[in-house]
Amino acid sequence: MSSEIDRRLKRLAESGVCSCENDSQQADELKELAKKTITDEHAKTKSKFFKALADTTRLRILRLLAVREMCVCEVMVALDLTQPTASHHLRILENIGLVKDRKDGKWVFYSLKDENDTLKLLDV
């Protein structure tokens, strides 16, 4: 254990906030708790999800798709986007599992994958 971590755990124990008798054991328990709580891989997946939602255009697309299924050209017109930009945003939303597509000939229509869950998410 590094001296900085050791110093901090000792200071925490001395303050009475935490009753740890063995700094090394406390550090091991904290690391085990972190492993049980969320894995690095799960955190990365969630991070991608929240990054995808941190874009105003993608939030607007989700709101449009909550009203009805739309093709790329409709999303383009509604939000004044180019075709590559609209497709890019739709692909990101599809990759994180919020949007699904349906092909009808040469047309691709997009809709919410799970409307109820997505609408709850958008009303936060």
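This text goes with the structure placed above it.
Keep in mind the model is a prediction, meaning the values are calculated, not measured.

Caption draft 1: Structural view of the nonpolar core. Counting residues in hydrophobic clusters, the biggest one holds 19 residues, and the most contacted among them are Ile61, Leu62, Leu65, Val75 and Val99. The biggest single contributor to this core is helix H4 (residues 56-67), with five residues. Residues within four places of Val99 in sequence aside, it is in contact with Leu62, Leu65, Leu93, Glu94, Tyr110, Ser111 and Lys113.

Caption draft 2: Geometry of the side chain of Arg58. Position of Arg58 among the secondary structure elements: in helix H4. No salt bridge is formed by the buried Arg58. Its closest oppositely charged neighbour is Asp55, at 4.0 Å.

Caption draft 3: Structural detail: the packing of H4 against helix H5 (residues 72-79). Across the interface, H4 lies against H5 with an axial gap of 11 Å and an inter-helix angle of 120 degrees. The pairing of H4 with H5 is recorded here as oblique in orientation. At the point where H4 passes H5, the crossing takes the right-handed sense. On H5, the residues that touch Thr57, Arg60, Ile61 and Leu64 of H4 are Val75, Ala78 and Leu79. Each residue belonging to the contact of H4 with H5 can be placed in one class, and the counts come to five nonpolar, one polar and one charged.

Caption draft 4: Structural view of the sheet that holds strand S1 (residues 70-71). Overall, antiparallel pairing links the three strands, which are arranged S1-S3-S2 in an open sheet. Edge strands, defined here as strands with exactly one partner in the open sheet, are S1 and strand S2 (99-104). Pairing of S2 with strand S3 (residues 107-112) involves six bridges; the strand directions are antiparallel. Bridging from a neighbouring strand, Asp101 pairs with Tyr110 of S3. Running over the sheet, H4 touches S1, S2 and S3 and is turned about 95 degrees from S3. The strands touched by helix H6 (residues 83-95) within the sheet are S2 and S3, with S2 carrying the most contacts at an inclination of about 120 degrees.

Thresholds, definitions, all that
Residues numbered from 1 in each chain as written. Predicted model: local features only at pLDDT ≥ 70, side-chain atom pairs only at ≥ 80, totals over all residues. Heavy atoms only, no water. Core = buried A, V, L, I, M, F, W, Y, C linked by side-chain atoms within 4.5 Å. Buried < 20%, exposed > 50% of the residue type's maximum accessible area, 1.4 Å probe, protein only. Helix = DSSP H or I, 4+ residues; strand = E, 2+ residues; numbered from the N terminus. Contact = heavy atoms within 4.5 Å. Lys, Arg positive; Asp, Glu negative; His and termini not counted. Salt bridge = Lys/Arg side-chain N within 4 Å of Asp/Glu carboxyl O. Axes fitted to C-alpha atoms, helices over the stretch in contact; angles between N-to-C directions. Parallel < 35°, antiparallel > 145°, perpendicular 65-115°, else oblique. Left-handed = near helix turned anticlockwise from the far one by under 90°. Nonpolar A, V, L, I, M, F, W, Y, C, P; charged D, E, K, R; others polar. Pairing = 2+ DSSP bridges.

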